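Understanding the architecture of this molecule
These are the residues of each chain, in order.
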Amino acid sequence: MTLNRTLHVLIHGRVQGVGFRAWTHHQAELHGLNGWVRNCRDGSVEALFSGPDALVEAMLKACQQGPRGAVVERVEVVEDPNMADDPNGDAEDEGFRVLPTV
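If you're wondering where the values come from, they're calculated on a predicted model, not measured in any experiment.

Examining helix α1 (residues 20–31)
At 3.6 residues per turn, the α-helix brings residues three or four places apart onto the same side. Between its first and last C-alpha, α1 extends 16 Å over twelve residues, near the 16 Å set by a 1.5 Å rise per residue. Phe-20, Trp-23, Thr-24, Gln-27, Ala-28 and His-31 are the residues of α1 that are buried. Down the axis, α1 shows its buried residues gathered within 130 degrees of arc, on one side only. Summarising the geometry of α1, the exposed residues directed more than 90 degrees from the buried face are Ala-22 and Leu-30. Backbone geometry just downstream of α1 places Gly-32 in the positive-phi region, at approximately 70 degrees.

Next up, the structure:
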């Protein structure tokens, strides 16, 4: 039996203007994850990853590095799915999306 996990992630550092959202979208699709990614006005990137535990963990590790040009200073994780606000529907069934900046 595969355990599913949902993580709400805030990524801080030089993560805007370096293709972080497109890279995250591509990586999440490679990992077969559902969820979303978006820029925040404070300069961070916010994402929600949902899928098998091992694949979500692999995505989290990838985000700690990010794409070429990114400088990730820290990654904040909220593991409580009730705190993972999904503004455009159910993250578990929608694939992976890039959302507008908030």
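Alright, that's what it looks like, and here's the rest.
Looking at the UniProt feature "active site" (unreviewed entry) in the protein
In the numbering used here, UniProt assigns the "active site" (unreviewed entry) feature to Arg-21 and Asn-39. Look at the named residues: they lie 19 residues apart in sequence, but the longest C-alpha span between them is just 7.5 Å, so in the fold they bunch up. In this fold, Arg-21 is placed in helix α1. Residue classification places Arg-21 among the partly exposed residues on the basis of a relative accessible area of 28%. Once residues within four sequence positions are removed from consideration, Arg-21 is found in contact with Val-37, Arg-38, Asn-39, Val-98 and Leu-99. Counting through the fold element by element, Asn-39 comes out in strand β2 (residues 34–39). Judged by its relative accessible area of 9%, Asn-39 falls in the buried class. Every residue in contact with Asn-39, bar those within four places of it in the chain, is listed here: Gln-16, Arg-21, Ser-44, Val-45, Pro-100, Thr-101 and Val-102.

Describing the nonpolar core
Among the nonpolar cores identified, the biggest contains 20 residues, and Ile-11, Phe-20 and Phe-49 are the most heavily contacted of them. Of all the elements in the fold, those that place two or more residues in this core are β1 (4–14), α1, β3 (45–52) and α2 (53–63). Dropping the residues within four chain positions of it, Ile-11 is found in contact with Phe-20, Ser-44, Val-45, Cys-63, Val-72, Arg-74 and Val-75.

Thoughts on the pairing of β1
In this sheet, β3 lies alongside β1 in antiparallel orientation, the contact comprising eight bridges. Paired with Leu-10 across the strands is Glu-46, a residue of β3.

Analysis parameters
Residues numbered from 1 in each chain as written. Predicted model: local features only at pLDDT ≥ 70, side-chain atom pairs only at ≥ 80, totals over all residues. Heavy atoms only, no water. Helix = DSSP H or I, 4+ residues; strand = E, 2+ residues; numbered from the N terminus. Expected span 1.5 Å × (residues − 1). Buried < 20%, exposed > 50% of the residue type's maximum accessible area, 1.4 Å probe, protein only. Arc of directions from axis to C-beta. UniProt positions renumbered as here; feature names shortened; annotations may be inferred. Contact = heavy atoms within 4.5 Å. Core = buried A, V, L, I, M, F, W, Y, C linked by side-chain atoms within 4.5 Å. Pairing = 2+ DSSP bridges.

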